[in-house]
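Residue-level structural notes
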Amino acid sequence: MRQESGILDLLVARRPLAEVLRVTGRERLKLVPGDKRTATAQIALTAEGTMVEAFAEALRPRRGEARPDYIILDTPPGVG
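Residues numbered from 1 in each chain as written. Predicted model: local features only at pLDDT ≥ 70, side-chain atom pairs only at ≥ 80, totals over all residues. Heavy atoms only, no water.

1. Describing helix 3 (residues 38-48)
Every buried residue of helix 3 is listed here: Thr38, Ala41 and Leu45. Burial along helix 3 is one-sided: seen end-on, the buried residues are contained in an arc of 55 degrees. Away from its buried face by more than 90 degrees, helix 3 exposes Ile43, Thr46 and Ala47. Buried residues along helix 3 sit in contact with helix 1 (7-11) and helix 4 (51-59). Looking one or two residues past helix 3, Gly49 carries a phi angle of roughly 70 degrees, positive in sign. (Buried < 20%, exposed > 50% of the residue type's maximum accessible area, 1.4 Å probe, protein only. Helix = DSSP H or I, 4+ residues; strand = E, 2+ residues; numbered from the N terminus. Arc of directions from axis to C-beta. Contact = heavy atoms within 4.5 Å.)

Pasting the structure below:
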């Protein structure tokens, strides 16, 4: 079974936001899911000292993408 994309893919693997968004069933509401791999993203980005930069880059619209009004990041409690 293939794991769905989430926070790790967005921040560490640098996949485009449009590729990791999940449709929620509510009109105009999408989210980026967190899972147990989210802790891995937090550890990696904290060690590199690039947490804020990774979020800023990941959430910046790319050429041709519409800018969302809001972004909800579903993340479990942090490891730190």
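2. Re the nonpolar core
General note: in soluble globular proteins, nonpolar side chains tend to be found buried as a group. Residues Ile7, Leu10, Leu11, Leu17, Val20, Val32, Leu45, Ala54 and Ala58 constitute the largest nonpolar core, which totals nine residues. Elements with a minimum of two residues in this core: helix 1, helix 2 (17-20) and helix 4. Here the element with the most residues in this core is helix 1; it accounts for three residues. Dropping the residues within four chain positions of it, Val20 is found in contact with Ser5, Gly6, Asp9, Leu10, Arg15, Leu31, Val32 and Pro33. (Core = buried A, V, L, I, M, F, W, Y, C linked by side-chain atoms within 4.5 Å.)

3. A word on the layout of surface pockets
Taken as a whole, the largest pocket holds about 470 Å³ of empty space. Elements supplying a minimum of two residues to the lining of the largest pocket: helix 2 and strand 2 (30-32). Here the element with the most residues in the lining of the largest pocket is strand 2; it accounts for three residues. Tallied by class, the residues present in the lining of the largest pocket amount to 12 nonpolar, no polar and five charged. (1 Å grid on protein atoms, 1.4 Å probe; cavity = no way out; pocket = protein on both sides within 12 Å on 5 of 7 lines; lining within 4 Å. Points joined across faces, edges and corners; volume = space filled by probe spheres on them. Nonpolar A, V, L, I, M, F, W, Y, C, P; charged D, E, K, R; others polar.)

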